[in-house]
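Letter by letter, the chains look like this.
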Amino acid sequence: VVVCGHITYESVSNFLKDFLHKDRDDVNVEIIFLHPLPPNLQLEALLKRHFTQVEFFEGSVLNAGDLARVKIEDADACLIIANKYCNNPDAEDAANIMRVISIKNYCSHVRLIIQMMQYHNKAYLLNIPSWNWKEGDDVICLAELKLGFIAQSCLAPGFSTVMANLFAMRSTVLMEEDSWQKHYLGGVAAEMYTEYLSSAFTGMSFPQVSEVCFVKLQLLLIAVEFQGSETQEKEILINPNSSYHIKEGTLGFFIAQSAKEVRRAYFYCKQCHGDIKQPDKIKKCKCMQALEAQANNKVNVAALEGPTQVVAPTKKKRNGNSNELDSPKRNIRNFHGMTSSPSLPNNDEARDLDCDTKKYDSTGMFHWCPSRDQEKAILSRNEAAMSVLSGHVVVCIFSTADSPLIGLRNLVMPLRASNFSYHELKTIVLLGDLDYIKREWDMLCNFPKVAVLPGSPMCRADLRAVNVNLCDMCVILSPNNQSQEQDPCLQDKEAILCSLNIKSMQFDDSIGLLQANSQG
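Rules of the game
Residues numbered from 1 in each chain as written. Predicted model: local features only at pLDDT ≥ 70, side-chain atom pairs only at ≥ 80, totals over all residues. Heavy atoms only, no water. Helix = DSSP H or I, 4+ residues; strand = E, 2+ residues; numbered from the N terminus. Buried < 20%, exposed > 50% of the residue type's maximum accessible area, 1.4 Å probe, protein only. Areas by Shrake-Rupley, 256 points an atom, 1.4 Å probe, with all protein chains shown as cover. Core = buried A, V, L, I, M, F, W, Y, C linked by side-chain atoms within 4.5 Å. Contact = heavy atoms within 4.5 Å. Polar contact = N/O pair within 3.5 Å; in protein donor to acceptor, adjacent residues only side chain to side chain. Pairing = 2+ DSSP bridges. Axes fitted to C-alpha atoms, helices over the stretch in contact; angles between N-to-C directions. Salt bridge = Lys/Arg side-chain N within 4 Å of Asp/Glu carboxyl O.

S.K.: Residues and numbers for the overall build of the chain, please.
M.R.: Helices and strands together make up the secondary structure of the chain, namely 20 helices and 15 strands. The buried share of the chain, reckoned over its 520 residues, is 45%. In the structure as shown, the chain presents an accessible area of about 27,500 Å², 53% of it carried by carbon and sulfur atoms.

S.K.: Tell me about the nonpolar core, and name the residues and values.
M.R.: One finds Leu197, Phe201, Val209, Leu217, Val224 and Phe254 to be the most contacted residues of the largest nonpolar core, which totals 29 residues. Residue assignment for this core shows that the elements contributing at least two residues are strand S7 (191–196), helix H8 (206–215), strand S8 (220–227), strand S10 (251–256), helix H9 (259–262) and helix H10 (264–267). At 4 residues, the largest contribution of residues to this core is made by H8. Not counting residues within four places of it along the chain, the set of residues in contact with Phe254 comprises Glu191, Met192, Tyr193, Glu195, Leu197, Cys213, Leu219, Leu220, Leu221, Val262 and Ala265. In terms of nonpolar packing, the next biggest core, distinct from the first, is built from 26 residues, Ala151, Leu408, Met413 and Leu415 among them.

S.K.: Any details on the environment of Leu155? Residues and values, ideally.
M.R.: The topology assignment puts Leu155 in helix H5 (residues 142–155). When the C-alpha atoms of Leu155 and Lys426 are compared, they prove to be 9.4 Å apart, with 271 residues separating the residues in sequence. The residues contacting Leu155, other than those within four sequence positions of it, are Pro414, Leu415, Phe420 and Lys426.

S.K.: With reference to specific residues and values, describe the side chain of Gln118.
M.R.: Within the element layout of this structure, Gln118 appears in the loop between strand S5 (112–116) and strand S6 (138–141). For Gln118, a relative accessible area of 5% corresponds to the buried category. A distance of 3.0 Å separates a polar side-chain atom of Gln118 from the backbone oxygen of Leu405. If sequence neighbours within four positions are ignored, Gln118 has contacts with Pro89, Asp90, Asp93, Cys141, Leu405 and Gly407.

S.K.: Which residues make up the pairing of strand S1 (residues 2–5), and what are the values?
M.R.: On S1, burial covers both faces: Val2 and Cys4 on one face and Val3 and Gly5 on the other are all buried. Summarising the sheet, S1 and strand S4 (residues 78–81) pair through 4 bridges and their orientation is parallel. If you follow Cys4 over to S4, its bridge partner there is Ile80. Relative to strand S2 (residues 31–35), S1 runs parallel, the two sharing 2 bridges.

S.K.: Could you give an account of the sheet that holds S2, with specific residues and numbers?
M.R.: Strand order in this open sheet of 6 strands is S3-S2-S1-S4-S5-S6, and the pairing throughout is parallel. The strands lining the two open edges of the sheet, one partner per strand, are strand S3 (54–58) and S6. Adjacent strand axes in the sheet meet at a mean angle of 20° when their direction is disregarded. For S2 and S3, the ladder comprises 5 bridges, and the chain directions are parallel. Following the sheet pairing, His35 is matched in S3 by Glu58. Each of S1, S4 and S5 touches helix H4 (residues 89–106); the most contacted strand, S5, lies at about 170° to it. Against the sheet, H5 touches S5 and S6, its axis set at about 55° to S6.

S.K.: If you had to explain the pattern of salt bridges to someone new, which residues and values would you point to?
M.R.: The tally for this structure, following the rule as stated, stands at 7 salt bridges. Taking the shortest distance from any N to any O, the salt bridge between Asp462 and Arg381 comes out at 2.9 Å. You can see Asp462 sitting in helix H18 (residues 460–465) and its partner Arg381 sitting in helix H15 (residues 381–386), a full 81 residues away along the chain. On the basis of relative accessible area, Arg381 is assigned to the partly exposed category, the value being 42%.

Fair warning: the whole summary comes from geometry, so function is off the table for now.
This is how it looks when you write it as structure tokens:
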């Protein structure tokens, strides 16, 4: 695996901490870091601690000679890391796109995974002829990921915490006392893994398999992968109902403490493990060895006689080899729809509720309205106090006029999804520097029920004007202009101080209740 882009002690240590975590299977992968500048003493010491699996090359991916030195054509994947502290996110994305072009021009079949800062810059990757998501090329937009999680937490509180815990690799912390902290830390230590299901599950419905995995194997099965009969593409079924039955060679998605635990689902045998009470004792039995030998014989016969289809998988790419990285993009189906609690619309918006405001965008995925000037969306402090806001979303923004763009569109879009009716849409109030919001407004002007209150998230008068005590969710966004030299512990100081300020405020809730009742 070749890693390039923003190579610093912090980015490398975070990458190695997750990629080489002990909860994964044995990761028999060599990691090569390629950077134009030599490592500093701190980074050099980190690389020496992992000298058996890590190498550092001084060079650039923009140079074909350096790409030949690291043998990029033989790499399983190439990762391009973005600088999340950059002052100009668009320039950072442009530089990383140039790295993609250089690598693809040198070797078009190399699989690329790139980090990007801004959502709209992803479209430029489609202009690269050799960029092919079906072959595993992928892009991760940091702003879209973080703000998308926050937006979903506005609809389902705690969603961002659950997803962040699943993505981060952490070891189990043992606690003797039976408290909520013990169960929480147990969940924090769990991650998502993939494993092929044993042939013992073939023909069983998904709920039956989930019950066996949870009761006998102490595993949480949440989804399966299957190949569509019409499109012949791999699709993911999230929590399917009893109408779906497991087929031979089905890949399961599990939440577990380690990759070692997930292998129980592959080794499980009804005859040999039916009476076992301790899941740790579930190992490869003679039945499994016989099945693997039979599958290998089929492969050998197929090689001699010609191309045939073998149902049983012969080579298992598990979590150590990053099975998710080796498979093409999948379609995702959810058998259970998502609902949200209705909220009261803004009075001014309700009066204008006609056929024009019920429109959707060209994709049909989001609520849309005609473009609005920002002046029409601006509320003064008195207007905000008189608008009787309730059940809304307050977004506290600390960015200033010269701060890098956060990408508020990524926060608003999930809250304007078309699977909600117009009356279920929560009014969004942006509280922050007006000059900064003007820079973001071009991407927000076509979303309904978005208001702007110029002010400061630390000002209690502004917070009272937007009825922060009656909002369904208050989102506090830290500024995106921290420098690398700044102490990491101080990066969230604005968000922490603002949350403490709001928590310490006292409100006369009787007024809010009367206002909410008058709306109903």
